[in-house]
Amino acid sequence: MFEILVNRELAPGIKLLEVKSPDITKKVKPGQFIVLRINEKGERIPLTVADKHPERGSLDIIYQEVGKTTRELGCLGKGEFLLDLVGPLGKPGEIAKYGTIILIGGGVGIATLFPYIKAFKKAGNKIISILGARTKELFFLEKEIENLSDEFYITTDDGSYGKKGFVTDLLKDLTEKKIDLVLAVGPLVMMKAVRQITKPLKILTWVSLNTIMLDGTGMCGSCRVTVGDEVKFACVDGPEFQADKVDFDELIFRNQRFSKEEAISLNIYNEKCGNKRCPKN
Amino acid sequence: MSKELVRKSMPQRKAKERIGDFQEVNLGYTEEQAILEAKRCLQCKKPLCIKGCPVEIDIPKMIEYIAKGDFIGAIKNAKEKNALPAICGRVCPQETQCEKLCILKHKGQPVAIGNLERFIADWEASHTTNSKEYNNKEQSEPNRGAKGIKIAVIGSGPAGLTCAADLARMGYEVTIFESLSEPGGVLRYGIPPFRLSRGVVDREIEYIKNLGVDIKVNMLIGQIKSLNNLFAEDYKSIFIGTGAGLPRFMNIPGENLNNVYSANEFLTRINLMKAFKFPEYDTPIACGKKVAAIGAGNVAIDSARCALRLGAQEVSIIYRRSEQEMPARDEEILHAKEEGVKLFLLTLPVEYYSDEKGCVKKARCIKMELGEPDGSGRRRPIPIENSDFEMDIDTVVVAIGQSPNPLLLHSTPELKVAKYGNLVVDEESLETGIKGVFAGGDIISGAATVIEAMGAGKRAASSIDNFLAKK
Ligand SMILES: Cc1cc2nc3c(=O)[nH]c(=O)nc-3n(C[C@H](O)[C@H](O)[C@H](O)COP(=O)(O)OP(=O)(O)OC[C@H]3O[C@@H](n4cnc5c(N)ncnc54)[C@H](O)[C@@H]3O)c2cc1C
Ligand code: SF4
Ligand code: FES
């Protein structure tokens, strides 16, 4: 059982969960994730570790309430427990001094970006951050990331904040300078669009892939993705991959494998709690 | 003693009824049936059956007790060699082990050793665990943790459980580290409850806990702790029983389409996560109406029979050799046929086709014929030219084998790994390249059997005891 220390809203529908696990906290590195299960009847879901607090032996996980499980997670309060928490999972990112790095975060992907930005900064890189979201109120960790960045940009789809448009619109301009690495985390279509820009320019580009996982330990192949002519398991071979060879279209299909079942689950859940987000937190 | 040649058949539920749920197919002998079956045993002077048993249960002795109606005597006798008799009685391939060598096989039918083993274990559970009699006695065994020496066991499949049980009985303080949320390995996530009820698995694991073994779940060793971390935490020796959990694929076009699963994913969703109870349980599974399981081992048959129970209308096994070469247990093949699973033999899928939503809708297969025997002694399947045909299917479960679990091995470069990913150990002692680290089960052999994994766990336990005695 894993104790919840904090579970609070950062932006509408986006929450930060701090959960206690001294063993995982000791080992986790940027880019790694955990798999959690709320209770006996729950499903296992992977979530990236956004930060850690060694002094409290705890981790931060930032998640968006989209499906039944994340909605249910959002209803848990301080002092309650998660039944299962496994990690750290996946390969850590390769942190080194590359030079100038563009870090792109879309939506809740910003959470995954945060530990990278900290680590890359510490390794002596020049940090250019681009954060994108649908609308102004959906940003979080904005100040923290801005403080770590040498250049900092915001885009919104609706123009309510920062530049109107997509992160890729900005990326185009920024790649006129010499860029040593691009790391993009966000929706698959966004990462694919980033690759579209950086590939012809031959800029080394990494993406962190969110796939459907089950065990998260390399035992099932639920998370498989085609990279070049090889099939990889994102949970153990990733979640970071070099973007140029990733078959995004296949993965976009694969991520809809259970959309019918997910909708059924969510509907039942919504009916039960009157279609409202949990007011507790 | 009666020399009756016909063995008592296992009472079982009707096929129509049993495919409607995930409850056990076999019902087990009654006391009368067990005694009658036991009386068929000739009590051979030189019993061959024992030689066929990888953990060398004193089978004639066990059967003698049953014939006399002393079921407690029988179970104690079996448990001296086998910590998990209720499981082995259900899943061991007896027809290639003890029952294959039974002298009566040549005269008619061998003694139903597996059925008897299952009977005494179940009898014990229903007669003694209720009163806690047996467990309490074990619990109060004087040498529990007496040696004050800590040992770490990685993986809680049959290999790890057996090794832990033996070490605990010797007086060691044993901790099992398991990465999944529940202990049992394949017994938990792989073998479906209609073959091995979860009550049985729980019961056997409870027994091992009562020996004083501590089981820590959610611990993926290699990631959360390294072997060096474990030594630093004062574990004096380590056993690796991490199994063969890496699913193999055929690498043919269309294999990543939706509704194409590895057997591990399909079975884990169902058996560990209880997706068959969706939406009461949250884990989903999408299973269509026309399902093909590729392969012919226990894993393929289990997948096919699970699909039936999820409501599939047409379930086929596609296998590139003939029925004779099917590696699954005889009973499973028989049960699958009774339940309506079709066998497409001498057939190999070569490509899957997609519908507009990225979901598999068709397989293209070719027909095979058998040529000369290959390295495994089985006749090699050879494709027949221009024999392509198409099959409508909407779900595929790839069950062509699993390789040893690479995660811990990759994160521990000192461990030597052979060509097919198997962890290399000393054949006698089962010690790995690292001093004090031993291994056994599917991680060293590749996917094999429950009882072989248990046998290895036992051997490793005695090697660990020797190793620590010498220190
Ligand atoms: C579907 C199916 C049906 C089968 N049917 C039969 C049958 O009828 N009869 C038969 O005899 N055999 C059968 N087998 C084979 C048999 O189950 C295996 O040979 C046996 O379970 C191997 O035991 P093991 O202890 O070596 O490994 P496993 O049972 O695989 O257990 C390994 C355990 O280690 C854990 N683990 C892995 N890596 C780590 C790590 N790094 N840290 C912590 N824990 C870890 C795993 O989660 C797992 O729980 C079947 C197998 C399958 C998959
Ligand atoms: S070989 Fe058969 S008949 Fe002989 S002792 Fe063993 S079980 Fe009995
Ligand atoms: S989630 Fe099972 S192998 Fe990656």
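Because the structure is a prediction, the values reported are computed rather than measured.

(A) How the structure looks around the overall build of chain A. Of the regular secondary structure elements, chain A holds nine helices and 16 strands. For chain A, the C-alpha atoms occupy an extent of roughly 50 × 40 × 40 Å along the three principal directions. Relative to its full complement of 281 residues, chain A shows a buried share of 58%. Taking the contacts inside chain A whose residues are at least 6 apart along the sequence as the reference set, 65% of them involve residues at least 24 apart. In the form shown here, chain A has an accessible surface area of approximately 11,700 Å², with 53% of it arising from carbon and sulfur atoms. Computing the positive centroid from 42 side-chain charges and the negative centroid from 38, chain A places the two 1 Å apart.

(B) Summary view of the packing of aromatic side chains. All chains considered together, the criterion is met by 12 aromatic pairs over all chains. Between Phe139(A) and Tyr161(A), the aromatic rings sit 5.8 Å apart at their centres with planes inclined by 70°, giving edge-to-face as the arrangement. Placement of the pair is Phe139(A) in the loop between strand S9 (126–133) and helix H4 (142–148) and Tyr161(A) in the loop between strand S10 (151–156) and strand S11 (163–164), with a sequence separation of 22 residues. Taking the relative accessible area as the measure of exposure, Phe139(A) reaches 7% and is therefore buried. Measuring from ring centre to ring centre gives 4.1 Å for Phe22(B) and Phe276(B), while their planes differ by 20°; the resulting arrangement is stacked. With Phe22(B) in the loop between helix H1 (15–18) and helix H2 (31–38) and Phe276(B) in the loop between helix H14 (263–272) and strand S7 (290–294), this pair connects stretches of sequence that are 254 residues apart.

(C) Representation of the site of ligand 1. Residues and elements named next belong to chain B. Inspection of the region around ligand 1 gives 37 residues, with Val91, Glu178, Arg195, Ile221 and Asp442 positioned closest. One nitrogen or oxygen atom from the main chain of Pro158 is found 3.2 Å from an oxygen atom belonging to ligand 1. One of the backbone N or O atoms of Ile221 is found 2.8 Å from a nitrogen atom in ligand 1. Considered on its own, ligand 1 offers 1,000 Å² of accessible surface; in the complex 98% of this is hidden by protein.

(D) Quick peek at the site of ligand 2. Taken together, Cys41(B), Leu42(B), Cys44(B), Pro47(B), Cys49(B), Pro60(B), Ile63(B), Cys102(B), Ile103(B), Val111(B) and Ile113(B) are the residues near ligand 2. For the shell around ligand 2, the per-class residue count stands at 11 nonpolar, no polar and no charged.

(E) Examining the state of the cysteines more closely. Residue and element names in this part refer to chain B. Applying the stated rule across the entire model yields zero disulfides over all chains. Unpaired in terms of disulfides, Cys53 finds its nearest cysteine sulfur in Cys98, a separation of 6.3 Å. Left unpaired, Cys88 is separated from the closest cysteine sulfur, that of Cys92, by 4.0 Å. With relative accessibility at 1%, the residue Cys88 sits in the buried group.

(F) Geometry of the environment of Ala38(B). Residues and elements named next belong to chain B. If you trace the backbone, Ala38 turns up in helix H2. Residue classification places Ala38 among the buried positions, given a relative accessible area of 1%. Taking C-alpha positions, Ala38 is 29 Å from Ala159, a pair spaced 121 residues apart along the chain. Contact partners of Ala38, with chain neighbours within four places excluded, come to Ile63, Ile66, Ala67 and Leu116.

(G) View of the sheet that holds strand S3 (residues 214–216) of chain B. All names here are of chain B. Pairing is parallel in the open sheet, where five strands are placed in the order S3-S2-S1-S4-S16. Edge strands, defined here as strands with exactly one partner in the open sheet, are S3 and strand S16 (437–439). The sheet shows a mean angle of 20° between the axes of neighbouring strands, taken without regard to direction. Of the pairings in the sheet, the one linking strand S2 (residues 173–177) to S3 comprises three bridges and is parallel in character. Directly across from Thr175, in S3, lies its bridge partner Asp214. Each of strand S1 (150–154), S2, S3 and strand S4 (235–240) is contacted by helix H10 (residues 158–170), which is oriented at about 165° to S2, the strand it contacts most. Against the sheet, helix H19 (residues 450–470) makes contact with S1, S4 and S16, and its axis sits at roughly 160° relative to S4, the strand it touches most.

(H) Quick look at the interface of chain B and chain A. Counting residues at the interface gives 44 residues for chain B, matched by 46 residues for chain A. Overall, the association of chain B and chain A removes approximately 3,600 Å² of surface from exposure, summing both partners, and the carbon and sulfur fraction of that is 53%. Here Lys274(B) makes a salt bridge to Glu40(A), at a shortest N to O gap of 3.9 Å. Here chain B is connected to chain A by 20 residue pairs in polar contact (both at pLDDT 80 or more). Broken down by secondary-structure element, the contributors of at least two residues to the side of chain B that touches chain A are strand S5 (246–247), strand S6 (260–262) and H14 of chain B. In terms of residue count, H14(B) provides more of the side of chain B that touches chain A than any other element does, four residues in total. Classifying every residue of the side of chain B that touches chain A by side-chain character gives 19 nonpolar, 15 polar and 10 charged.

(I) The sheet that holds S7(B), seen in detail. Residues and elements named next belong to chain B. Spatially, five strands are ordered S6-S14-S7-S8-S9 in an open sheet, and the strand pairing comes out parallel. In this open sheet, the two strands that pair with only one neighbour each are S6 and strand S9 (342–344). When strand polarity is set aside, the average angle formed by the axes of neighbouring strands in this sheet is 25°. Of the strand pairs in this sheet, strand S8 (residues 314–318) and S9 are connected by three bridges, and their pairing is parallel. When the sheet's bridge partners are listed, Ile317 is paired in S9 with Leu343.

(J) The side chain of Thr205(A), seen in detail. Residues and elements named next belong to chain A. By secondary structure assignment, the location of Thr205 is in strand S13 (residues 205–208). Within the local environment of Thr205, its side chain forms a polar contact with the side chain of Thr198, the two groups lying 2.8 Å apart. Only 2.8 Å separates the side chain of Thr205 from the backbone oxygen of Ile203, close enough to count as a polar contact. Contacts of Thr205, omitting those with residues within four sequence positions, involve Val182, Val194, Thr198, Phe241, Gln242 and Ala243.

(K) Layout of the pairing of S7(B). Residues and elements named next belong to chain B. In terms of burial, S7 is largely enclosed, as four of its five residues are buried. Both S7 and S8 contribute to a ladder of five bridges, which runs parallel. Note on S8: the bridge partner recorded for Ile294 is Ile318. Handedness of the β-α-β unit built from S7, helix H15 (residues 298–309) and S8 comes out right-handed.

(L) Summary view of the pattern of salt bridges. Residue and element names in this part refer to chain B. The final tally for this structure, using the stated rule, is 53 salt bridges over all chains. Residue Arg188 pairs with Asp202 through a salt bridge whose shortest N-O separation is 2.9 Å. In this pair, Arg188 is assigned in helix H11 (residues 186–189) and Asp202 in helix H12 (residues 198–210), connecting sequence segments 14 residues apart. Asp202 sits in the partly exposed class, given a relative accessible area of 38%. Residue Arg309 is joined to Glu339 by a salt bridge in which the shortest nitrogen-to-oxygen separation is 2.9 Å. Of this pair, Arg309 sits in helix H15 while Glu339 is found in helix H16 (residues 330–339), placing the two residues 30 residues apart along the sequence. A residue is classified by how much of its surface remains accessible, and Arg309, at 7% relative accessible area, is buried.

What counts as what
- Residues numbered from 1 in each chain as written.
- Chains lettered and ligands numbered in written order.
- Predicted model: local features only at pLDDT ≥ 70, side-chain atom pairs only at ≥ 80, totals over all residues.
- Heavy atoms only, no water.
- Helix = DSSP H or I, 4+ residues; strand = E, 2+ residues; numbered from the N terminus.
- Buried < 20%, exposed > 50% of the residue type's maximum accessible area, 1.4 Å probe, protein only.
- Contact = heavy atoms within 4.5 Å.
- Areas by Shrake-Rupley, 256 points an atom, 1.4 Å probe, with all protein chains shown as cover.
- Lys, Arg positive; Asp, Glu negative; His and termini not counted.
- Charge placed at Lys NZ, Arg CZ, Asp CG, Glu CD.
- Phe/Tyr/Trp six-rings, centres within 6.5 Å; stacked < 30°, edge-to-face > 60°.
- Near = heavy atom within 4 Å.
- Polar contact = N/O pair within 3.5 Å; in protein donor to acceptor, adjacent residues only side chain to side chain.
- Nonpolar A, V, L, I, M, F, W, Y, C, P; charged D, E, K, R; others polar.
- Disulfide = S-S within 2.5 Å.
- Pairing = 2+ DSSP bridges.
- Axes fitted to C-alpha atoms, helices over the stretch in contact; angles between N-to-C directions.
- Buried area = accessible area lost by both parts, 1.4 Å probe.
- Salt bridge = Lys/Arg side-chain N within 4 Å of Asp/Glu carboxyl O.
- Right-handed = clockwise from strand over helix to strand, strands pointing away.

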